Each structure stands twice: as structure tokens, then as C-alpha cells.
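Take a look at the letters that make up each chain.
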Amino acid sequence: VFSVVAIFMMPQPPTITLQSPKDYIVDPRENIVIQCEAKGKPHPRFSWTRNGTHFDIDQEPKVTMRHNSGTLVVDISGEKAENYEGVFQCTARNEHGTALSHNIAIRQSRSPLWSKEKIDPIVVQEGVSLVLQCQPPVGLPPPVIFWMDNNFQRLPQNSRVSQALNGDLYFSNVRKEDTRSDYICYARFPHTQTIQQKQPITVKVLNPPADDRKPTFLIPSGASSTQLVLRGQVLELECIAEGLPTPQVSWTKVGGDLPTKRTSFLHHQKTMSIVNVSESDAGEYRCSAKNQLGSAHHNIRVTVRAAPYWISGPPRNLVLAPRETGVLTCRASGTPKPSIAWSMNGIPVENSIDDDPSRRVEDDSVIFTEVQPGASAVYQCNVSNEYGYLLANAFVNVLSEPPRVLTQAEKVYQVIRHHRALMDCASFGSPIPKITWFKDGSSSTLDGEPYVIHDNGTLELHVAQALYSGKYTCVARNSLGTYENHVYLEVKDPTRIMRQPEYKVVQRGMSAVFECKVTHDPSLLPTMTWLKDNDELPDDERFIVDSDTLTIAEVTEGDEGVYTCIMNTTLDHDSASAELSVVERPDPPTDLELTDKKERSVQLTWTPGDENNSPIEKFLIQYEDSLHHRGHWHNLTEAAGTRTTANLPLSPYAHYTFRVLALNTVGLSRPSAPSRMYKTEAASPDENPTGVHGSGTEHNNLVISWKPLKGIQANGPMLKYKVMWRLKDVDTDWTSVVVANVSKFVVSGTPTFSPYELKVQALNKHGSGPEPAVARGHSGEDLPVAAPDNTQVLVLNSTLVEVHWDPVSLKSIRGHLRGYKVYYWRELSLHKHNPRHVEKQILDFSGNHTHGMVPGLKPSSHYSLNVRVYNGKGEGPPSPSQMFETPEGVPGIPSFLTVSDPGLDSLTLEWGPPKDQNGRLTGYTLTYQPVNSSNEPGPAKELSLGPNETNVTLPHLKYSTRYKFYLSAKTAKGAGPAIPQEAVTIMDEGKPALLCLFPPLFVCTVASVAPSFGNVSSVPGVEGPVISWEYSGPERKVYLEYEEDEKVVWQKEYVNDSQGVVLRGLKEGLVYRVRVVAEGLDDQSPHRSEEIVVTVPAMTSRQVDIATQGWFIGLMCAIALLILILLIICFIQRNKGGKYPVKEKEDAHTDPEFQPMKDDDCTFGEYSDSEDQKPLKGSRTPSSGRTVKRGDSDDSLVDYSEGGGDGQFNEDGSFIGQYSGKSIGRDTVQGEGPESSEAPSPITTAMNSLNSFV
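Residues numbered from 1 in each chain as written. Predicted model: local features only at pLDDT ≥ 70, side-chain atom pairs only at ≥ 80, totals over all residues. Heavy atoms only, no water.

Before going further, it helps to spend a moment on the sheet that holds strand β93 (residues 1060-1062). Ordered in space as β89-β90-β93, the 3 strands form an open sheet in which the pairing is antiparallel. Two strands close off the open sheet at either side, each with one partner strand: β89 (1013-1019) and β93. Ignoring strand direction, the axes of neighbouring strands in this sheet form an average angle of 15°. Relative to strand β90 (residues 1026-1031), β89 runs antiparallel, the two sharing 5 bridges. If you follow S1018 over to β90, its bridge partner there is I1027. (Pairing = 2+ DSSP bridges. Helix = DSSP H or I, 4+ residues; strand = E, 2+ residues; numbered from the N terminus. Axes fitted to C-alpha atoms, helices over the stretch in contact; angles between N-to-C directions.)

Quick look at the nonpolar core now. As a rule of thumb, soluble globular proteins bury nonpolar side chains together. Membership of the largest hydrophobic core comes to 25 residues, with the highest contact counts inside it found for I32, I34, W48, F55, V63, L72 and I106. Residue assignment for this core shows that the elements contributing at least two residues are β2 (23-26), β3 (32-34), β4 (36-41), β5 (45-50), β8 (72-74), β9 (86-94) and β11 (104-108). If you tally residues by element for this core, the top one is β9, at 3 residues. Beyond its immediate stretch of four places on either side in the chain, L72 contacts I32, V33, I34, W48, F55, I57, V63, T64 and M65. (Core = buried A, V, L, I, M, F, W, Y, C linked by side-chain atoms within 4.5 Å. Buried < 20%, exposed > 50% of the residue type's maximum accessible area, 1.4 Å probe, protein only. Contact = heavy atoms within 4.5 Å.)

A few words on the pattern of salt bridges. Scanning the model with the defined rule gives 44 salt bridges in all. Here E875 and R868 are joined by a salt bridge, their closest N and O atoms 3.7 Å apart. As a salt-bridge pair, R1073 and E1091 come within 3.2 Å of each other at their nearest N and O atoms. You can see R1073 sitting in strand β94 (residues 1071-1078) and its partner E1091 sitting in the loop between β95 (1087-1088) and β96 (1092-1095), a full 18 residues away along the chain. For R1073, a relative accessible area of 24% corresponds to the partly exposed category. Salt bridges sharing partners connect three or more residues here, namely E1041, E1043, R1073, R1075, R1088 and E1091. (Salt bridge = Lys/Arg side-chain N within 4 Å of Asp/Glu carboxyl O.)

Attention shifts here to the side chain of S376. Mapped onto the elements, S376 comes out in the loop between β35 (365-368) and β36 (377-385). Separated by 3.2 Å, the side chains of S376 and N397 make a polar contact. Polar contacts involving the side chain of S376 include one to the main-chain amide nitrogen of V398, which spans 2.9 Å. Aside from chain neighbours lying at most four places away, what touches S376 is P13, H96, V396, N397 and V398. (Polar contact = N/O pair within 3.5 Å; in protein donor to acceptor, adjacent residues only side chain to side chain.)

Here we take up the packing of aromatic side chains. Within this structure, the stated rule accounts for 23 aromatic pairs. When the ring of Y963 is compared with that of F965, the centres are 6.2 Å apart and the planes differ by 25°; the resulting orientation is stacked. A relative accessible area of 6% places Y963 in the buried class. Given a relative accessible area of 0%, F965 falls into the buried group. An aromatic cluster is built from W48, F55 and F88, whose rings are joined through pairwise contacts. The ring of Y309 is capped by R231, whose NZ or CZ atom sits 3.7 Å from the centre of that ring. (Phe/Tyr/Trp six-rings, centres within 6.5 Å; stacked < 30°, edge-to-face > 60°. Lys NZ or Arg CZ within 6 Å of the ring centre and 35° of its normal.)

The subject of this paragraph is the sheet that holds β35. The strand order β30-β35-β34 describes an open sheet built from 3 strands, whose pairing is antiparallel. Bordering the open sheet on either side are β30 (326-329) and β34 (359-362), each of which pairs with just one other strand. Averaged over all pairs of adjacent strands, the angle between their axes in this sheet comes to 20°, without regard to strand direction. Where β34 and β35 come together, 4 bridges link them in antiparallel fashion.

On the surface, L1121, L1122, L1124, I1125, I1128, I1129 and I1132 cluster together into a nonpolar patch covering about 610 Å² of accessible area. As for its position among the elements, L1121 is in helix α3 (residues 1110-1136). (Patch = residues over 30% accessible without salt bridge, like charges linked within 9 Å, V, L, I, M, F, W, Y side chains within 5 Å. Areas by Shrake-Rupley, 256 points an atom, 1.4 Å probe, with all protein chains shown as cover.)

Attention shifts here to the state of the cysteines. One pass over the full model with this rule turns up 6 disulfides. Sulfur-sulfur distance for the disulfide between C36 and C90 comes to 2.0 Å. Its S-S torsion of approximately -75° makes the covalent link between C36 and C90 left-handed. Residue C36 is located in strand β4, and its partner C90 is located in strand β9; the two are separated by 54 residues in the primary sequence. Exposure remark for C36: the relative accessible area of 0% places this residue in the buried category. Judged by its relative accessible area of 0%, C90 falls in the buried class. (Disulfide = S-S within 2.5 Å.)

Here we come to the pairing of strand β61 (residues 645-649). Residues A646 and L648 point to one face of β61 and are all buried, whereas T645, N647 and P649, pointing to the other face, are not buried. Bridge analysis of strand β58 (residues 601-607) against β61 gives 5 bridges, and the strand direction is antiparallel. By the bridge assignment for β61, Q603 is matched with N647.

When pLDDT is averaged across the chain, the result is 83; 85% of the residues are at 70 or more. For the chain, per-element mean pLDDT is lowest for helix α4 (residues 1226-1232), which scores 36, and highest for strand β62 (residues 655-663), which scores 96. When the criterion is pLDDT under 50, residues 987-1011 qualifies, and its contacts beyond four places in sequence or with other chains add up to 61 contacts. Every residue in residues 1137-1254 scores below 50 in pLDDT, and together they form 136 contacts with partners more than four places removed in sequence or on other chains. (pLDDT = per-residue confidence, 0-100.)

What follows is the structure, encoded as C-alpha cells:
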């Protein structure tokens, strides 16, 4: 901070920092502000000149100068702004020099009124050219011209009518619609924001039209012209041509190409604009106008000049120490070459009274050699030519100062990896300090790759890497001292969009999802922003922004646009864009119109609807014929998507209505509104029925059928058909009959299968159709009468034979030959005691065949076959049967192969003979080999076995080894396919032998060689899972072991002598492994069962156990109380010897479901011993379906006494026993069978029944 303050306190010549533009047009309604700001130490004083003479502000009461500023403010209230027009120049000076502003030309903006004039109507012939002149008043700056009508609507412009650069309105040719009385030219003056209006111009266009003519140019005139443009400005070239038809204008550059990036065409190609003109744009340009009658050309030679411009910028200030050397350079160019003049403190150097020997002027440079103290000054460089000038100030400040670094100390620079890193070391000192850089306390200077030290002391890394992070030291030295400053560089990972949003085409109403997945440096805080068309997203809840997606729900046409995701951090950003197009089926066409109406055609015209962003591919034209098929639309034709008319073919005698549908990639539009109805007159038929066909349904008839004409094909009313037929190849006349609008006619009494010629002609009220074509057919077929002769069989192999036969004569077939069928059947097998098989199989050989192959036969068998010909009616008689014998073949696969009786080193194999022996078996071949744990087979052994053997024991096998077996049967023809099998014998001391059979059986069995556990299982219980098992060993101490899955801590649960136990206290939702363990006798190791997996279900909070609900418990108690009261009443009535009231009505009651209580034993009627024993309605009967006898009754009161059989009744029926303290449930009673004398209480029984029901 001290260094910066010290620098600001150093002496410094003035420098202009702000000034008004050279050409300053002011608004006469506002105060004039002429800006001039400057800095320097001490702060400069300001003065002004006007038109080259001193401008005394004190003598101008309306002019004030702002405090500590050179800016002038002119109060024009009560004054005219034009009184202050002129050329002003500002001077800023202090004791170290004088700086000058450029010349500021003050001019008042002007918007003069249009001169009053009377414009006569313009009358022109149609087709000629016309120019409507605007000629606006001269304003400052020039006005903007446009043409409008009385309603302030812009007049339409096109290639025929356009406005020229000078504001005139040009017509290449006029038309009748150009007649109007309100052609008005407007001039808008931008500074005063006023608009002036010219008097309206009336144009009348008269007939007859002028003749067509080739183009000629209205402007510019002649064959060529020239134009001058200054460098950096806009070049505008204009060519407007007249002619009939309207000519089209084009542009080229003679001998070169147009600069496409800087070139644009305006006013319908009539104006060519080139921005930022350079010397390379000079040359000759050609505009061409063409129509069908010819063309015209005009060449414009463009010359480029340049006002002075800086080559490498204006001269830079110099700070020199005493006796140093320096140069002020003023490098500028222009066309023509500009002149350079130097001034010091506003006075030309050559007129300076200070003839400093250390200063030398050489063209564009001022050279200072061994400057002296006090030589500080401001130098002005003025570069000018005829097109303008440049004025620049540059001071020379002679100082003696030690170095100071102005860059903030301990500053941290953060930069993205692979980007350029710049670390500043702004310094000040006189002489100019020399800057060196060091890294991380190293004594080596940073010079050369990858570091670059700029003239201003900045250290640059072209490509920053993570290893360049660290502490950097900047050292500034000159002859008066040294200054150090420390900064830090941190290199961060870049922000990158890994998955960019993709272009979406979405149907209206659907959702669009844009993805934008980003990676960034973890130390930088990212911010994701989505834009639509470079603006914020609409404030709409349909736009849902997540961490890396943008979802637009129910898209509409307004959602179309370019969506951009921008990921910003404090150092960098990355962005990606994608476009959303919303498509929809096209809108239906409109404005259907029928033109060019003829008897057989009409032209349909329509206006396409909106394409909805998906181009129309085609139009579908449909028609409705309300005369024949009202309410039904039929496709008529299609038209290309670019067409709007179609010529439609029509049929006579129809009432047409048309509609049009448009098709794009989304689908078909809704139909257009129907056109007007168009009726065609009736005529004779244009066509006859198609598909004329003749065939018979019986052997003596001919059915002539055809496809009838549709209603619209009839061409008139009263459609009929003339049916004609005659025998073919017989010189007879045609027989004909006229029938109604049907589709067939039956001719009876025809010879069997005779050829006929047929014709069907359409008729209506207005005449006959064209001469019909002749079709051919046959009368009805009959069954063939002959069988194929000379049937022969050639045996090719054990499963295939070839059959030959002679064809049947066509006359005997009596119909269309469809083919031949071979019937064959297997009589018997040569090596089986089987009965004869007469199931016949059929092979169909369609067409006129004389031989065929019969595959799939059984080897070693007797077969018979015959051949039959068939036609459309059916089959003929069979040929004489031929017998043949198939030779032996290889046998099929053995019917089974099993492994049994495993031993320590042996196995027994058992098998069954093949189902298909295909000959006489000669034996079996058994191949077996061991297989290791990597499924690699060992050496194979082969064993031949006799044909009658069905088992074999293999000794000397390896202990605990897996074997593969392959068994195949053999005949004299060879071995058949083998049946595979695998087995493993595992024998361990104290453990059972486990024999596993692999494909195809997948069976494991346990050999009973030691005590073992069996049927270890688990079922869910109320208090926990119930584990049960079977154990066949001696008495041992048995217990359960269980553990949580994937843990190694087994817990014990002793079970004593039982073979089932409830595991309590298991955690809900966990999986346990459970096994049963029997402790071995003496020192033997314990025996363990296989582990089972038990899953304890998690209790769902929403599940409710009905048995624990208060309302249910209350209901059950109420039912139990009612039953108890009923029993008490029963006891009281029994003791009194009375009867139930309902007993008196029992005999008369016919309802089989009504069962009263018995009065003799106080039991319910459903348990009586009567012949008609019916269950109580709603009760559950025993599963056996038998009637519950008295000994089986669940509800008997006999056993309520102590000991079951002691409970008795007195002679009067009163109960003299007592309630037993022992109660056994219904299931227990049934389990004991009919010998059980104990029964549950009625309350318990009722409760159990209700629980079962619930």
C-alpha cells in the first residue's frame, strides 16, 4: 500500500483521460456538455480554445467548467445552441508539461420541415417502370427514410418494388394493384426524435399493359461507375433494374471472390453491403439483372482510401532516469500516406524555445539521449492526410526512484489445468527495474521453457500443470535498490461436461429430458444453470431442474428452442446446447375447392394446414359416394407434400364428396371439412366382372362364378350380368342367360369334367359393358376309376425306400390331377414277438409324379404299401399292395442306466435293453473313466458285455472319485448311441456313503451304513419356528445348533428325547442356519445332520392379528356366555323333568336345517342317533364324511365327570357328576379314535368351532 501511495505522489505530466468525439452533434433542446478530463501530479489546470483562439470562460456567463475538471457545460436556456457551434480544443497543463485534446467540432442537430408543394397524380401504363421521389429536407445528421400509407402501415416491398439508398421508391414495373392515393414518404431525424411527412403521392395504373422487355438499370446509369470508400467503413453498392417480367439482380467481383463473412445483400438483392472495408476490397464489382428476355450488366469500380490509423498503437509514455536514453515512436499509416508533426507542450518542436541537445526528431520518432533532470514534458504526435487526422499525447518523465512492486503481496492465483497462467509483477522505478522470478525458495531464476517473462514483468506458463503449483517470488532491481514480492499458484482440474444434451424431437404433450453430466475440481463450488435461447428458463412448473437433468413436461410449441446447460465455477465454465423441436400431426387442410369439372374428372384444390415442425410428406385424398355407400370414406389417390392440387378421376353415376388428410412423420392429420357434393351422370359400364371361374360342385354341373362390380363401378342403375358358356374345342354357339346382380350361376346336366369357355358381361339401364374376355373352366369332377400300375419298391437302407409307379391315364382320373398318395404300414418286427400293426401312414406327392422317397422306416421290419391317384373330388382305388423288408440297423439308446450298491472301491451298474433294437442285439459296450475336480477326464476303460446281461459290478475303482459311464448297445450293423451316467462314491469312517447320480437323473441317495438323521424340516409357529426330524441311531444326547447366517457362533438348544422343538427368541427378519446334533458314545465325534435354512419373517406393522383385537375377544365372550346360559337352562329343565317348548313342535317342523336340542340327553339334534343325521347349518363335519356317533361326539356331556366314565345322570335326568379338571381338544379326541371316553367342554368346543370359522 505504501508503494502505491508513493507512486501516486510522484510528479507526473498531464495525461488526457476523457474527451468528447471529434464530430459532436448536440440536441438544441439540451445543455451542451463538452468533456475533457486529465490526470497528473500536481493535478493539471485546464483551458480551451474555440476556432483556434482562446476561449475565455469568465466572459461567457452561460458557460461553466466543472470543479477539478476541464469539462464545459453550456446552459442554452434562453440561448440558441447554434451560437456555440465551432471547433473546440482543451489544454491540460501543470509544471511538468502540457497535454492537448483533439479538435471537437460542435454542430447543432437540425430537422427542417418539408417544403410545401402540390404533387400532381402520376398516371402510368401497366407494366412500365416508375420512380417516386422522396427528396427529404437536408438534416443533421441525415434522416432515416421509409414509405407508409395513410394507416401508418409500411408499404410492402419485394423484388419488384423497393426503396433505394437515397429514399426514392422504385417500381421495376407497375401493376393494377399499385393504384393508390397514399404513397407517403416519411423522414425520421434521430437526434430530435421527430418525423416529417411528405405530401401523399397518387398513382393511377391504366390498361393496356406494356409489352414484355429485357432489363435495363434505373440506377446507376451507364455501363460503369465508380465509388470511393474509406478503410473500416461500410461499402454499399446499389443496382435497381426495370423490365417485364421483373428482373432478378445478382452480384460478383470481377477477378476475385466476395468476402462472404463480411458481405450481405439487402433490399431483395439490389444492395450489396461489405462491412469493415480493407484495401483488399478495392476492385471492380458487377451487378447483373436477368429475366426471360435477356440481361443487363453494370460495373462499379471501387477505390479504397484510408484516413490515418495506428500501426502498433499510439506512442507510449516514457519514464527515464537521468542520463538514460529513450525513444517516442508514432507509427501510423493511411492512404495517401499521412504526414507527421511533433509538438512539445502544445508548441511545434521546431518552434520550441527550449533547444534541448539531448532530443532529436527523426520522422516518426523523437530520440532522447542522456536526458537531464527537468526535461519532463508532454509531446504531441499529429498524423494527418486529406481524410482525417490522429492526435496523441505521450509524456517523458525524468525521475530517480528505487524499485517498487505494485502487485498485491501474497496473492493467490488459481488457474485451470492446461490453461495459460499469468502471475503479475507490476513494478515502478527509475531506472526501469529488471524483473526476475524464483519458485519455492530456489536460487535458480525462472527463464526459458515452460516459463516466459514479459516486458511488464508478468510470468507466463503456456500450459499449466499440477506440478507447477507452489510459491513464486518476484524480484525487481535497478541501480537504486531491490524489492521482493511473493505470490502463489494453484492449478485446478477443469470443468467438463461428460454427457452433453442431445437434439430432441418430441411430440406435443410428451416430456423432454435433457441430460448434462459434469465433472469439476472438488475444491471449486459448481453452479449449474440452464438457459433457453440464451435467456432464463420460463417461470413454469413444467420445467424441472435436477442436479444433472432438465425435464420439460407436457411440451408445447412455445417450448421449442435451444437449451444450454452451463456449469460455472469461480475459475472456468463449460457449456453445451441442444435444440428441442416440438412436432405434432399436421393441422387439417382447409379451403377445399372443385374446379375444371368434367364428366370423368375434377380438379381439387386445398390449402395446407400448419406442418407443426414436421414437413408434410404427402396428402391423402378420400371420397364418399353418398349414392352407393353413404357414411363410408374410401382412399382415392395421394399427392406429394408440396402439392396443393390434384386431378381426380371419377366414375359415372356417383355422388362424390371429397376430403383431404395430411401426413407427416408423426401421423395423419384430422380430415379436412368435406368439399361440396359433385354428381356425375349415369353411363354404360366401363368394365366387366373379374375373377370369372368355372368349376363343378357335382359331376354333372358347372358353377360359373365371378367377382361382382362394386356400386360405384356399375356406372348406372339396374346392374345385371350376361353369363355365356360353351364347350371348348366344339363348334357350337354360345349359350347365354341374363341374371341379376349376383356372383354365380349354375349350369346343370353337363358331362363330367369337360372343358368350357366362359364369359360374363355387365349390363345396366344405359347399355352393356365392353366385350368380355374369355375364361376357361371345367365341369364337375368324379372319383378316379383306375389305380397306378407296375408299383415297385427299391430298398435304399434300413430306414429309406424308393417307390416307383406308372401314371394313371388322364381320362381315368376324371378331374384335375392333384397327385399321388403312398399308403404304407409296418406289418411286424423281425426280432420282436409283436402282433401285426395295421396303422397306416400316408405320404402325399402332389403333381404328376411317378416315384417318391419313403423315409423314417423302422429297421429290420416287414412293410406293405400301395399307391393311389387323387383329384379334387377324392382318391381312386389302391394299387396292389407291395411287401418289402428293411435291413437291420444300429440299435437305439438303452432304456435306462442306474448305479447302485456303492462300495469303497466298486459300483454296480444296471440297465435296460433299447426300446428300438432295430435288429438282433450282439452285446453292449461300457466305457468309463474318472473325472477330477477340474472336470478333466482321466484314462478311459472299455468293457464288452453280452446281449443278455443287464447289470455289471465294477471292482477296483478309486476311492472318493467321480466317474463317467457310457453304455451303448450293438447289432451286426454296429453300436448305437450311448446313454451317459455319472456317479461318485464317498466312503468315510463313521459317515454314510453318499451316492450322487448326475444327468440325466440328478438323484442323491444315502446308504444306511450308520445312524443318521432324516427329514429335518421347519414349519412356522406362533412362538417361533418348529424344527422336527427323524433319527435312526442308538440313544444319544440330541440337541439343536443354530446360528445367524454368515456368523460362526453356534448356539445350542437341548431337546432331550423328543424329535421336535420350538426355537424361541429368534430375531424377526433374519436368516438362521439350523442343524441337529447327536453326541457320540464314548470318545466318538458327534453326528450332525445336514443344515437347513430358517427365515424368521419380519412382522409388518400394518398386519393385525384378529385374535388380539378387543372387539373380537368381547364377541367371543358374549357367545360363550350365551352358550353357558343355554346349558344352565337345559340342566334346570332336565332336573324338573320337563320338556323344551320347541320339542312339542319338533315332529311338525319340516325344515331340515332346523335342529332342536334333544330333551333326553341335552345334546344338539345334529348329533342324534336317529336315521336322518344331518349336520348343523354352518358347522364343519369330519374329513371322513362319516356321521359322528355318540362315542365320537364332540359335544356330549357324558365326559364332564371326573375320570370320564364316572359322570352319570339320575333317574330323573339330573346331572350328578362334577366337572372334570381335565379337558382335551377336539383334535385330540379324534386322534384317540372311538375308544376315547373323554370329551371337551361345550364352551371349549364352541370356541374352537368359531376360531376355525374365523
